[in-house]
Amino acid sequence: MIGSSPSMTAAAITRKILGAPLVTSKNAPYPTDEDYATGGCEEKWVRIEGLPATTVGSARPRQQPKPRPAQRRVHHRPDAIVIKAKNATTYADIVRTLKADAAVQQSVGSSVQNIRCSVTGALVLQLRKGVENAPSLGAEVDKVLGDVTTASAIQHTSMVEIRDLDECATRTEIDEELARSLGAPHLNEEVIKTLRKAYAGTQTAVAALPDDLATRVLKLGHIRIGWVNCRIRDREEAARCYRCWSRGHVAARCRGPDRTELCHLCSQKGHEAKDCKGQPACVLCQERGADDHRHTSMSSSCPLARKITQARR
């Protein structure tokens, strides 16, 4: 095609390619109807007349996107009402008093799954799954029993992290967006436990949400706060014993030393954390001879706490 224009040359080559016959191999029969139906001939066709022989299967596979990390499944734990007697009143008398009140029988009685005593001797009314008004039920029980006992509701929560927040994001703004996205107007700023600076001028918030709301927000994966689509990830923490302050077990199964009389900040006796004037000291790291023990025993920055948490993931 000497003297032809580039457009004419390209058109001629295109016609030649499109007009080239297709065969499976030299002197091979044409595919049968069964081959067409099953797709058995798709990987055998090749071009002839000097064109490179290629098959469908030899094409470079498309790179698949990175799979999203699997979220931890949140275990739904039922809420409970804890009743502690102040005097010699027996728990049998307390239960009789509650059952004698018609209003409590209707509201609280229908919501209770079982009744048991805790390790510390308190009476626990474990509520049914799906009961969402545990605080109001606890207040109602406390009102009926009066000064004889103290009754309070326990709501189980799960910790989630909200990442990539801009520097201007506030606790109020985060709480309002969580309440709107989850359809839970009763949320308040207390669910946001920490809001700290992260990398590249961003912030990370840690929220404690009821188990059902934590499951829903983890399924969302992202939430828009301000101008940013923020990532939501679970934050799994090892259980902490409030008797010996170690991680990995709870007080009911504790076999360590009793540190309930020590100050949470300086690990010394004789005062409470609110009146502490000493320097932070971690009794757990001191016992292990660690050089870095200038942090509180309850701090999440404790190297021992981080090691146990990472081992659980």
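Position labels on residues start from 1 in each chain and follow its written sequence. Under the rules for a predicted model, residues below a pLDDT of 70 receive no local features and side-chain atom pairs below 80 are neither given nor counted, while totals for whole chains, interfaces and linings still include all residues. Side-chain calculation: all heavy atoms of the structure are included, whereas hydrogens and water are not.

The name recorded for the chain in an unreviewed UniProt entry is CCHC-type domain-containing protein, from Trichogramma kaykai.

> Sorry, what's going on with the UniProt feature "domain: CCHC-type" (unreviewed entry) in the chain here?
UniProt positions are given in the numbering used here, feature names are shortened, and annotations may be inferred rather than shown by experiment. In the UniProt entry, the feature "domain: CCHC-type" (unreviewed entry) is given for residues 240-255 and 263-277. A helix here means a DSSP run of H or I that spans at least four residues, while a strand means a run of E at least two residues long, and both kinds are numbered starting from the N terminus. Note that residues 240-255 is 0% helix and 0% strand, and that its end C-alpha atoms are spaced 13 Å apart. Note that residues 263-277 is 0% helix and 0% strand, and that its end C-alpha atoms are spaced 11 Å apart.

> Before we go on, may I ask you to explain the pattern of salt bridges in this structure?
Any Lys or Arg side-chain nitrogen located within 4 Å of an Asp or Glu carboxyl oxygen qualifies as a salt bridge. Evaluated as defined, the whole model comprises six salt bridges. In this structure, the salt-bridge partner of Glu272 is Lys274, at a minimum N-O distance of 3.8 Å. For each residue, the accessible area found with a 1.4 Å probe, counting protein chains only, is set against the maximum for its type, and the residue is called buried under 20%, exposed over 50%, and partly exposed in between. Among the residues examined, Glu272 registers a relative accessible area of 48% and is labelled partly exposed. The exposure class of Lys274 is exposed, given its relative accessible area of 69%.

> What should I look at first to understand the side chain of Arg259 in this one?
You can see Arg259 is positioned in the loop between strand S11 (228-234) and helix H8 (283-287). Residue Arg259 is classed as buried on the basis of its relative accessible area of 5%. Residues are treated as being in contact if the distance between any of their heavy atoms lies within 4.5 Å. Residues within four places of Arg259 in sequence aside, it is in contact with Arg243, Cys244, Trp245, Ser246, Val283, Leu284 and Glu287.

> How should I be thinking about the pairing of strand S10 (residues 222-225) in this particular structure?
Regular strands place their side chains on alternate faces of the sheet. Residue alternation in S10 divides its side chains into a buried set, Ile223 and Ile225, and an unburied set, His222 and Arg224. In this analysis, strands are considered paired if DSSP registers two or more bridges between them. Sheet topology places S10 next to S11; four bridges connect them, and they run antiparallel. Bridge pairing links Arg224 to Asn229 in S11. Linkage of S10 to S11, two consecutive antiparallel strands, is achieved through a turn of two residues, within which Gly226 is found at a positive phi near 70°.

> Looking at this structure, I do not really get the sheet that holds strand S9 (residues 203-210). What am I missing?
Backbone hydrogen bonds are what pair the strands of a sheet, in a parallel or an antiparallel way. Taken together, five strands build an open sheet; the order of strands is S8-S9-S7-S11-S10 and the sheet is antiparallel. At either margin of the open sheet sits one strand with a lone partner, and together these are strand S8 (192-197) and S10. With strand direction ignored, the average angle separating the axes of adjacent strands in the sheet is 25°. Alignment of S8 against S9, held across five bridges, turns out to be antiparallel. Within S9, the position partnered with Lys197 by the bridge is Gln203. Note on method: axes are straight lines fitted to C-alpha atoms, helices fitted across the in-contact stretch only, with angles between N-to-C directions ranging 0 to 180 degrees. Strand contacts of helix H7 (residues 211-220): strand S7 (157-165), S9, S10 and S11, with the helix running at about 135° to S9, the strand carrying the most contacts.

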